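# Architecture at a glance
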Amino acid sequence: MQRSEALAALPAWTYDKNRRAFYRKLTFKDFSAAFGVMTRIALEAEKTDHHPEWTNVYNRLEIWLTTHDAGDVSDKDIKLAKVIDALAPQGAE
């Protein structure tokens with residue numbers, strides 16, 4: 001799937017040209033909610049051996065998805081973005 005097609009199917013994500021990665025920022029009600037979603041994402045990422053780049057400050061989570069050996073996004077990133085979208089609770093934007 002082409003990057004533009006993938007982004008059309010993933011409206012919460014944008015493309016970060018500098019990192020050559022999909023990007024999404026999530027804001028939760030508190031740190032516990034953010035950490036809980038991070039834990040669920042980590043478990044899913046571990047299953048596929050494809051891990052996000054992310055930062056967490058209190059209730060904010062920023063995520064970048066890229067495939068380093070491909071030099072850009074790949075199908076692995078698209079699949080993980082869909083998993084993250086499914087795990088992120090409604091209203092966590």
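Look a little higher up for the structure.
Let us look at the structure shown here.

Conventions we followed
Residues numbered from 1 in each chain as written. Predicted model: local features only at pLDDT ≥ 70, side-chain atom pairs only at ≥ 80, totals over all residues. Heavy atoms only, no water. Helix = DSSP H or I, 4+ residues; strand = E, 2+ residues; numbered from the N terminus. Rg over C-alpha atoms; globule rule 2.2 N^0.38 Å. Salt bridge = Lys/Arg side-chain N within 4 Å of Asp/Glu carboxyl O. Buried < 20%, exposed > 50% of the residue type's maximum accessible area, 1.4 Å probe, protein only. Pairing = 2+ DSSP bridges. Axes fitted to C-alpha atoms, helices over the stretch in contact; angles between N-to-C directions. Contact = heavy atoms within 4.5 Å.

### Observations concerning the overall build of the protein chain
What the protein chain contains, in helices and strands, is three helices and four strands. For the protein chain, the N- to C-terminal ordering of α and β elements is α-β-β-α-β-β-α. Its C-alpha atoms give the protein chain a radius of gyration of 12 Å, near enough to 12 Å, the size a compact globule of 93 residues would have. Along the first, second and third principal axes, the C-alpha atoms of the protein chain reach 35 × 25 × 25 Å.

### Side note on the pattern of salt bridges
All chains considered together, the criterion is met by four salt bridges. Measuring nitrogen to oxygen at the nearest pair gives 3.2 Å for the salt bridge that ties Arg19 to Glu53. Of this pair, Arg19 sits in the loop between strand 1 (14-16) and strand 2 (21-27) while Glu53 sits in strand 3 (residues 53-57), placing them 34 residues apart in sequence. Look at Glu53 and you get partly exposed, because its relative accessible area is 27%. When the shortest N-O distance is used, the salt bridge between Glu44 and Lys47 registers 3.1 Å. A residue pair is termed a helical-turn pair when its members lie 3 or 4 positions apart in one helix, as Glu44 and Lys47 do in helix 2 (residues 31-48) at three residues. Of the residues examined, Glu44 reaches a relative accessible area of 28% and is grouped as partly exposed.

### Details of the environment of Leu43
Tracing the chain through its elements places Leu43 in helix 2. Taking the C-alpha atoms as reference, Leu43 lies 17 Å from Pro89; in sequence the two are 46 residues apart.

### Considerations on the sheet that holds strand 4 (residues 60-65)
Here four strands make up an open sheet; going across it, the order is 1-2-4-3 and the pairing antiparallel. Edge positions in the open sheet fall to strand 1 and strand 3, since each of these has one partner strand only. When the angles between neighbouring strand axes are averaged without regard to direction, this sheet yields 25°. Against the sheet, helix 2 touches strand 3 and strand 4, its axis set at about 160° to strand 3. Against the sheet, helix 3 (residues 75-87) makes contact with strand 2 and strand 4, and its axis sits at roughly 160° relative to strand 4, the strand it touches most.

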